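Observations on the model geometry
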Amino acid sequence: MPRRLAVAALLVALASPSAAHAWTDAAVRGVHATVDVEPDGTAYVTLRLTVRVHAGWLEGLELNGLDEDLVLDETAPPTAVTADGQELTPSVRVLHGGRVQLGFRGRSPRRGVTMVTLSYWTSLAHRRTAPVEGEDRVRVRWVLPGWSSGLDGPQIEVHVPEGSRLAPGQEGDLESGTETSVEPEGQATVLRWRRAHLPRTVPWAVAVDVPAEAMDVGLRGPPLVELPRPSSVAAQAEDPRPYWLGFAAWLVLMAWLKLYATRTLGQRARRAARPLVPLPVWARALLIGAAGAGGAAASLYDWRLAAGAFALVSVLATYRPAGPTAAPRLGAWRAVDARWLAAARRRGWTRWIEPIALVDATTVAGALHLAALLAVPWVWREPALPLSQTLLLSVLPLPLFVSGTRIAFPLGATETLWRLLRMCRRLRHVPDGVGLRPVMHVSTDGHMQDARVRTALEHRPDGLLRLDLAMGALPHAGGTETVPMLLILTRAGRPLEATLRERFGELVTVTSRGGRRVLRAVVIRDGDLSILGQLVEAFADCPAAPTQPRGAPAPQQTIAELPPPRAVGF
């Protein structure tokens with residue numbers, strides 16, 4: 001399942017279309033711009049766009065390169081009229097850099113031609129106005145930005161005060177396919193430009209010379225005071241690029257944390273973490289940093305490239321179920337002392353707050369982190385992202401949370417000890433003549449490998465090698481399930497073995513390769529240790545273990561030698 005999620009995130013990121021025509025095949029094929037210029041240099045611009053939807057449906061449209069200080073006309077919201085006459089009102093967001101995003105949620109334009117209308121205010125004062133040297137006129141310029149597809153029959157219509165004329169070089173040129181006209185209209189003059197075709201990405205600038213007396217005094221000479229820009233009650237939306245940059249930084253940090261988390265869990269459980277991409281951890285860490293930096297840089301220009309880079313980050317930090325447990329190293333069982341007990345108690349609460357839990361959806365911290373992550377793109381108001389980007393931001397980090405989790409690894413020795421002690425404290429009944437003592441298996445190089453709770457019996461039968469409470473790891477979907485177990489290890493050929501076969505024949509037995517030892521395991525459910533009482537009754541009918549020459553019972557400790565329960569952590 002984690003592999004499928006990772007592959008799905010990568011395919012979605014690489015296959016997502018552009019923001020201008022997400023989930024569809026569409027293009028802007030025509031533009032008719034009307035610009036009304038006021039004496040103070042303020043301009044009211046109306047864009048009528050011809051959008052052709054070739055297939056699918058139009059989810060959103062992004063307009064780039066418009067006037068940077070544009071303010072939408074709140075009295076005339078954007079509209080879209082479909083080929084069948086349906087009038088839609090898209091959502092609109094203004095971003096920095098003259099970018100406007102239109103979104104269609106709910107009803108969307110389908111295949112055919114859709115006419116989109118957008119109106120806004122902008123200030124051309126001093127930015128696109130300048131006095132004409134040697135003449136009592138002010139030149140006003142306006143630029144239609146370039147488009148990702150070529151435009152057929154684009155038109156620009158400029159309404160200026162009476163007496164205005166085309167600026168030199170603006171006359172129509174039939175060879176280039178440009179036509180111009182100047183017509184009076186009441187107290188104003190209307191200048192029109194029309195071209196047969198405007199190539200893709202090519203801006204189109206027009207200029208008009210307006211009589212100086214028709215413009216404000218401040219525009220007739222060099223700028224002395226910056227005139228105020230158009231104001232609007234509605235605040236403009238924030239630029240989404242910082243949002244993408246923040247997401248890139250967060251994703252890289254979480255991916256690095258995932259590498260550290262799986263390595264830590266693997267060392268505790270003595271199991272090798274298996275990454276989806278079979279590369280050394282240092283190589284994947286470097287690639288994650290490079291892909292994150294590349295995605296952050298790409299987000300400034302094209303969010304599709306950024307999404308592809310971020311998908312690579314997630315794939316590099318995705319893991320398959322852990323490998324088999326490594327064979328235990330040579331060592332010995334030691335009685336648990338105060339240091340190990342203190343470490344086990346700390347493990348009981350630190351496991352909830354350790355940093356690696358943040359990228360593990362099977363923990364409380366990780367589940368809350370994931371829930372917040374999934375909710376943020378949907379509730380974040382500024383900037384409002386298109387549906388395709390919102391889905392990507394929700395899906396891309398999922399592999400970090402659902403792979404390489406704690407359930408993919410068995411418990412480490414310290415946590416095993418903590419769970420065993422907690423289980424022993426909750427036991428409803430311990431049979432008479434049975435004592436408990438926690439022990440830890442320590443390798444010759446000082447590493448803790450396993451923890452158990454060993455039993456000491458007043459009557460220890462001949463042939464009983466070990467009777468321990470342990471934590472077993474059973475196969476489970478996506479990893480392992482940890483369950484408490486009672487392990488019974490006996491020596492073959494002794495009377496005890498015959499008694500166990502007769503009275504506990506339903507228990508599964510595993511014989512060692514040499515045939516000298518027999519292991520039985522019983523899963524303990526809900527703290528029910530009734531099987532231990534039954535075993536003690538069965539042991540009573542078996543001969544006791546012989547004593548060694550020194551007079552000490554062999555080979556295990558007796559219940560009489562155990563310290564009080566509180567002294568060993570119970």
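Residues numbered from 1 in each chain as written. Predicted model: local features only at pLDDT ≥ 70, side-chain atom pairs only at ≥ 80, totals over all residues. Heavy atoms only, no water.

1. A look at the overall build of the protein chain
Secondary structure summary: the protein chain contains eleven helices and 27 strands in total. Buried positions account for 48% of the 570 residues belonging to the protein chain. Of all intrachain contacts in the protein chain linking residues separated by at least 6 positions in sequence, the fraction that spans at least 24 positions is 74%. In the form shown here, the protein chain has an accessible surface area of approximately 28200 Å², with 56% of it arising from carbon and sulfur atoms. (Helix = DSSP H or I, 4+ residues; strand = E, 2+ residues; numbered from the N terminus. Buried < 20%, exposed > 50% of the residue type's maximum accessible area, 1.4 Å probe, protein only. Contact = heavy atoms within 4.5 Å. Areas by Shrake-Rupley, 256 points an atom, 1.4 Å probe, with all protein chains shown as cover.)

2. Describing the confidence of the model for the protein chain
In the predicted model, the protein chain carries a mean pLDDT of 79, and 84% of its residues have values of at least 70. pLDDT under 50 marks residues 1–23. Its contacts with residues more than four places away, or in other chains, come to 56 contacts. Under a pLDDT of 50 for its full length, residues 230–237 has, in the predicted model, 20 contacts with residues more than four places off or in other chains. (pLDDT = per-residue confidence, 0-100.)

3. Topic: the packing of aromatic side chains
Inspection of every chain in the model, using the stated rule, returns three aromatic pairs. Between F247 and F310, the aromatic rings sit 5.5 Å apart at their centres with planes inclined by 65 degrees, giving edge-to-face as the arrangement. Of the two residues, F247 sits in helix α2 (residues 241–269) while F310 sits in helix α4 (residues 303–316), which places them 63 residues apart along the sequence. Overall, F310 belongs to the buried group, its relative accessible area being 0%. Pairwise contacts between aromatic rings join F247, W250 and F310 into one cluster. The ring of W333 carries the charged tip of R454 above its face, separated from the ring centre by 5.1 Å. (Phe/Tyr/Trp six-rings, centres within 6.5 Å; stacked < 30°, edge-to-face > 60°. Lys NZ or Arg CZ within 6 Å of the ring centre and 35° of its normal.)

4. Considerations on the nonpolar core
Judged by nonpolar contacts, the single largest core of 49 residues is most densely connected at L47, L49, W142, L144, V158 and W193. With residues near it in sequence (within four places) discarded, W193 still touches P154, Q155, I156, V158, L166, Q170, E179, T180, W204, V206, A207 and V208. Grouped together as the second largest cluster of nonpolar side chains are 39 residues, A261, V313, L392 and L400 included. (Core = buried A, V, L, I, M, F, W, Y, C linked by side-chain atoms within 4.5 Å.)

5. What about the pattern of salt bridges?
Taken as a whole, this structure holds 17 salt bridges when the rule is applied. Between D152 and R29 there is a salt bridge, with its nearest N and O atoms 3.5 Å apart. A residue pair is termed long-range when its members are at least 10 positions apart, and D152 in strand β12 (residues 151–152) and R29 in strand β1 (residues 24–37) qualify at 123 residues. The exposure class assigned to D152 is partly exposed, which follows from its relative accessible area of 43%. Residues R139 and D209 are paired through a salt bridge, measuring 2.7 Å at the closest nitrogen-oxygen approach. With a gap of 70 residues between them, R139 in strand β11 (residues 137–144) and D209 in strand β18 (residues 204–211) connect regions that are remote in the sequence. Three or more residues joined by partner-sharing salt bridges are found here, namely D450, R452, R454, R466 and D468. (Salt bridge = Lys/Arg side-chain N within 4 Å of Asp/Glu carboxyl O.)

6. Some points on the environment of M440
Counting through the fold element by element, M440 comes out in strand β22 (residues 434–443). Residue classification places M440 among the buried residues on the basis of a relative accessible area of 1%. Along the backbone, M440 and R334 are 106 residues apart, and their C-alpha atoms lie at a distance of 5.3 Å. Discounting residues that sit within four places of it in the chain, M440 has contacts with A332, W333, R334, V336, W340, A413, L417, M448, D450 and A451.

7. Let's talk about the sheet that holds strand β14 (residues 165–166)
The four strands lie next to each other as β10-β11-β18-β14, forming an open sheet whose pairing is antiparallel. Unpaired on one side and paired on the other, β10 (129–131) and β14 mark the two borders of the sheet. (Pairing = 2+ DSSP bridges.)

8. Considering helix α5 (residues 338–353)
Compared with an ideal rise of 1.5 Å per residue, which puts 16 residues at 22 Å, α5 spans 23 Å between its outermost C-alpha atoms and is within 8% of the ideal. When α5 is considered as a whole, its buried residues turn out to be W340, L341, A344, R347, G348 and R351. (Expected span 1.5 Å × (residues − 1).)

9. Some thoughts on the environment of I156
Here I156 lies in strand β13 (residues 155–161). When the C-alpha atoms of I156 and V206 are compared, they prove to be 8.2 Å apart, with 50 residues separating the residues in sequence. Ignoring sequence-local partners within four residues, the contact set of I156 consists of A33, W142, L144, L191, R192, W193, W204 and V206.

10. Things to note about a nonpolar patch on the surface
A surface patch of nonpolar side chains, amounting to about 580 Å² of accessible area, comprises W349, W352, I353, V364 and L368. Those elements that place two or more of their residues in the nonpolar patch are α5 and α6 (364–379). Mapped onto the elements, L368 comes out in helix α6. Among the residues examined, L368 registers a relative accessible area of 59% and is labelled exposed. (Patch = residues over 30% accessible without salt bridge, like charges linked within 9 Å, V, L, I, M, F, W, Y side chains within 5 Å.)

11. Topic: the side chain of H369
On the secondary structure map, H369 appears in helix α6. Overall, H369 belongs to the buried group, its relative accessible area being 16%. With residues up to four places along the chain from it excluded, the contact list for H369 reads W250, M254, L358 and F401.

12. Points about the packing of α5 against helix α9 (residues 413–425)
Relative orientation of the contacting elements α5 and α9 amounts to 90 degrees, with a least axis distance of 8 Å. Regarding the angle of α5 to α9, the classification is roughly perpendicular. On α9, the residues that touch W340, L341, A343, A344, R345, R347, G348 and R351 of α5 are T414, E415, L417, W418, R419 and L421. (Axes fitted to C-alpha atoms, helices over the stretch in contact; angles between N-to-C directions. Parallel < 35°, antiparallel > 145°, perpendicular 65-115°, else oblique.)

13. Notes on α4
Its 14 residues place the ends of α4 20 Å apart at the C-alpha level, agreeing with the 20 Å of an ideal helix rising 1.5 Å per residue. Burial of α4 is extensive: eleven of the 14 residues sit out of reach of the surface. The complete set of buried residues in α4 reads W303, A306, A307, G308, A309, F310, A311, V313, S314, V315 and L316.

14. Topic: the side chain of H441
Locating H441 in the fold gives a position in strand β22. Owing to a relative accessible area of 12%, H441 belongs among the buried residues under this scheme. Discounting chain neighbours no more than four positions away, the residues touching H441 are R329, G331, A332, W333, H447, M448, Q449 and D450.

15. Quick word on the sheet that holds strand β3 (residues 60–63)
The sheet built from three strands is open, its strands ordered β3-β8-β7 with antiparallel pairing. In this open sheet, the two strands that pair with only one neighbour each are β3 and β7 (91–95). For this sheet, the mean angle separating the axes of adjacent strands, direction not counted, is 15 degrees.

16. Quick notes on unusual backbone geometry
Its identity is not glycine, yet H126 carries a phi of approximately 65 degrees, on the positive side. Here H126 is to be found in the loop between β9 (112–123) and β10.

17. Some points on the packing of helix α10 (residues 495–503) against helix α11 (residues 530–540)
Interaxial distance between α10 and α11 falls to 10 Å at its minimum, and their mutual angle equals 130 degrees. The angle between α10 and α11 falls in the class oblique. For the pair α10 and α11, the sense of crossing is right-handed. Residues L496, T499, L500 and R503 of α10 lie in contact with α11, whose contacting residues are L535, E537, A538 and F539. (Left-handed = near helix turned anticlockwise from the far one by under 90°.)

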